Amino acid sequence: MTDPSSPAPLSTRLTRTLGVGLLAAGFTALLLSIGFDLDGVGGGFVQGAAIGGMLVGTYFWGFGNGLRRRDRPHWLPSRGTTE
């Protein structure tokens, strides 16, 4: 079992940071594309890429959280006899 106060490994921190960065960049790009009223194929491409970036960022953020919780003890039901 690992000490919960010890820092997370570099890969876990990097994955979570990448996820949050992609989420923030996608949200900013989406707001800018709406604010500048981009239309047509270019506007749709920017909005779609922004939403796609946010989805990928959300995946990496969740994956990083799962890596962080990987070494924690899991709940197990009682191992006693059943009645």
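Structure: above.
Report on the accompanying structure. The model shown is predicted, which means the values in this text are computed figures rather than measured ones.

### Remarks on the overall build of the protein chain
Link 1 in the chain: Regarding its fold elements, the protein chain presents two helices and zero strands.
Link 2 in the chain: The long-range fraction of contacts in the protein chain, counting pairs at least 24 apart against all pairs at least 6 apart in sequence, stands at 78%.
Link 3 in the chain: If you sum the accessible surface of the protein chain, you get close to 6600 Å²; carbon and sulfur atoms cover 67% of it.

### Observations regarding helix α1 (residues 10-35)
For an α-helix the count is 3.6 residues per turn, leaving residues at separations of three or four pointing the same way.
Link 1 in the chain: The first and last C-alpha atoms of α1 sit 37 Å apart over 26 residues, in line with the 38 Å expected at 1.5 Å per residue.
Link 2 in the chain: Residues of α1 that are buried include every one of Thr-12, Thr-15, Gly-19, Gly-26, Leu-30 and Ser-33, and no others.
Link 3 in the chain: Looking one or two residues past α1, Asp-37 carries a phi angle of roughly 55°, positive in sign.

Procedures and definitions
- Residues numbered from 1 in each chain as written.
- Predicted model: local features only at pLDDT ≥ 70, side-chain atom pairs only at ≥ 80, totals over all residues.
- Heavy atoms only, no water.
- Helix = DSSP H or I, 4+ residues; strand = E, 2+ residues; numbered from the N terminus.
- Contact = heavy atoms within 4.5 Å.
- Areas by Shrake-Rupley, 256 points an atom, 1.4 Å probe, with all protein chains shown as cover.
- Expected span 1.5 Å × (residues − 1).
- Buried < 20%, exposed > 50% of the residue type's maximum accessible area, 1.4 Å probe, protein only.

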